[in-house]
Amino acid sequence: MLEIQNVSKTFNAGTVNQKTALNGLNLKLNEGDFVTVIGGNGAGKSTMLNAVAGVWPVDEGKIIIDGVDVTRLSEHQRAAYIGRVFQDPMTGTAATMQIEENLALAARRGKPRTLRIGITKAEREQYRELLKTLDLGLENRLTARVGLLSGGQRQALTLLMATMFVVAAGFRRTSLVDGMCDAIMKVTRGSFRTAYFGYILLAVLLTNFIASPMVVYAIVSPLLAALCDNTGHSRSQYMFPVMVVCVACCGILPLATAIQQAGQFTGFMETYGFTGMSMRAIDFTIGTWPVLIIVPLWAVFIGPKFTPKEPVVPIEALEQKSAAKGQQKLSPVVDKIGIFVFFATILCLIFSSQLHLATWSVALVGSLCMVLFGVVDQKSALRDIPWDMLMLFVGALALGTALTNTGAGDMIGNALATAVGGTHNNYILGALFFIIPFLLTQFMLNRSVSAVFVPICLLTCSALGANPIGLVLLVNAGSLTAFLTPMATPAVPMCMADGGYDLKSLFKCGALITLILPFIYIFYTMTVFPAF
């Protein structure tokens, strides 16, 4: 199976740093053998494994795998003969790709690449059956990403947000925005509040079809901005309430977003021993439907009263619009191109998972197209990006990363599990598992908070013999509902740029709804889905 014959390897030969890692090593393993290699630091364990894998060539000797001499083969050529599991799982996997995509790559190791469908139905079923043997519930999470947000993904998120500003700015310059605004005003007979309520309903519907509040906000915000500008209303009074609707109402109706989340949580539950129990998409509606009524009503009647009447910080888009009044309008061709690029970008973002496209690359191509086809010029594109808000977002990500990497999130989660103790009070449990994730997600990436607290919630429920559905719903709601700081979702800094908010005004805008939501979630959700 594997034979190492008289292998030697020396690093930095002929220098003062010369180190002989392997010296005449011999080893023979037969099929079925299970071997543990033990040795102190510097004994050559990793060097031997890397030599077998082909990470570096050996100085002397032979390496034979399954009867084939692979000594002179490179690392990628040896992939056809050997597989390797690293101590760090992120080293041997593509964290930004789905589980099934990683398995497909592994299945094609050492095989010729051709232009064909990446994963066939038969392959997907094969992967599902293989994963069932692990008894970890992974067969129900084939489309889940292998890793949580890594440093590279956070960079991609920042790039996504920056380029979406350019795409949205290009769309605002097209005739469709003003045309839709005029049409809506005619339908509503000139009533701003009715038109505004229509945009709120549009945001509610889209955020239940599209899993990203940022994408939903990117669709609705240019239309609302045009409505405010054309009717003489301040953007500052209405952009924040709409953003809250995009975030708070996401995934409540039993549509695409809830179906995706239900599958993920069912996999978690099976992993932690809740076999025979599943999370249904309709459970999100049953457990949280009052939010779909209260938040839009707040956004229409109460939210604008707590927002500033005038921008606290300058709105770059408004200043550019004033400066561009004397400029020539877009030609009919360029106008249509701008409309097409915007909706093509939005559709690709919505279906990025099915199309196997990175969201940052979609937004980047969209922004480049807006510039290349003249919808926005290069200087305007750079000015359309609110660099101060972007840098604020980058700094917030750094803080959230520090909280995650230092284990602060885990420490808080463990303290929470200890505080719960043996209580069987539904509302105390609900309060703990909603409020703490809700507060943490203002300072940490929402996916990181969810990844920390869902396992803690399930382990606590297992220890107490509790039904986890209501508590998991509360963890999900608490960790994904964030609008007081720019740290958890790019929709917030985008809104800050569109409405001219700073951190202080942002906190004032969201204070009331932040106090309302915990009462709705905790008392209602734990009443319809009690833990005991």
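All values derive from a computational prediction rather than experimental measurement.

A. Representation of a nonpolar patch on the surface. A cluster of nonpolar side chains, W289, I293, I294, L297, F301, I302 and F306, forms an exposed patch at the surface whose accessible area comes to about 600 Å². With respect to the element layout, I293 can be found in helix α11 (residues 281-302). What makes I293 partly exposed here is its relative accessible area of 43%.

B. Spatial organisation of the packing of helix α7 (residues 192-209) against α11. Between α7 and α11, whose axes approach to 10 Å, the crossing angle comes to 145°. When the axes of α7 and α11 are compared, the crossing they make is right-handed. Across the interface between the two elements, R193, Y196, F197, I200, V204 and N208 from α7 touch L292, P296, A299, V300 and F301 from α11. Class assignment for the residues of the contact of α7 with α11 results in nine nonpolar, one polar and one charged.

C. Fine view of helix α9 (residues 239-248). In terms of burial, α9 is largely enclosed, as 10 of its 10 residues are buried. Burial in α9 covers these residues: M239, F240, P241, V242, M243, V244, V245, C246, V247 and A248. On its buried face, α9 is in contact with α7, α8 (213-231), α11, α21 (469-480), α22 (491-499) and α23 (503-528).

D. Highlighting the pattern of salt bridges. Across all of its chains, the model carries two salt bridges by this definition. Across the pair D229 and R235 runs a salt bridge, and its minimum N-O distance is 2.6 Å. Residue D229 is classed as partly exposed on the basis of its relative accessible area, which comes to 24%. Since its relative accessible area comes to 4%, R235 is described here as buried. D283 serves as the salt-bridge partner of R280, at 2.7 Å between the closest nitrogen and oxygen. What makes D283 buried here is its relative accessible area of 1%.

E. Just the sheet that holds strand β3 (residues 60-65), in detail. Spatially, four strands are ordered β2-β1-β3-β4 in an open sheet, and the strand pairing comes out antiparallel. Here the strands that pair on one side only, and so sit at the sheet edges, are β2 (19-29) and β4 (68-69). In the sheet, β3 pairs with β4 via two bridges, with the strands oriented antiparallel. Bridging across to β4, I64 finds its partner in D69. Running over the sheet, helix α1 (residues 45-53) touches β1 (2-11), β2 and β3 and is turned about 65° from β2.

F. Quick look at the packing of aromatic side chains. Following the criterion strictly, the structure yields 13 aromatic pairs and no others. Both rings, one in Y196 and one in Y238, keep their centres 4.9 Å apart while their planes meet at 70°; by these two values the pair is edge-to-face. Linking Y196 in helix α7 with Y238 in the loop between α8 and α9, this pair joins segments that are 42 residues apart in sequence. An aromatic cluster is built from F240, W298, F483 and Y501, whose rings are joined through pairwise contacts. Looking at K9, its charged tip hangs above the ring of F11, at a distance of 5.3 Å from the centre.

What counts as what
- Residues numbered from 1 in each chain as written.
- Predicted model: local features only at pLDDT ≥ 70, side-chain atom pairs only at ≥ 80, totals over all residues.
- Heavy atoms only, no water.
- Patch = residues over 30% accessible without salt bridge, like charges linked within 9 Å, V, L, I, M, F, W, Y side chains within 5 Å.
- Areas by Shrake-Rupley, 256 points an atom, 1.4 Å probe, with all protein chains shown as cover.
- Salt bridge = Lys/Arg side-chain N within 4 Å of Asp/Glu carboxyl O.
- Helix = DSSP H or I, 4+ residues; strand = E, 2+ residues; numbered from the N terminus.
- Buried < 20%, exposed > 50% of the residue type's maximum accessible area, 1.4 Å probe, protein only.
- Axes fitted to C-alpha atoms, helices over the stretch in contact; angles between N-to-C directions.
- Left-handed = near helix turned anticlockwise from the far one by under 90°.
- Contact = heavy atoms within 4.5 Å.
- Nonpolar A, V, L, I, M, F, W, Y, C, P; charged D, E, K, R; others polar.
- Pairing = 2+ DSSP bridges.
- Phe/Tyr/Trp six-rings, centres within 6.5 Å; stacked < 30°, edge-to-face > 60°.
- Lys NZ or Arg CZ within 6 Å of the ring centre and 35° of its normal.

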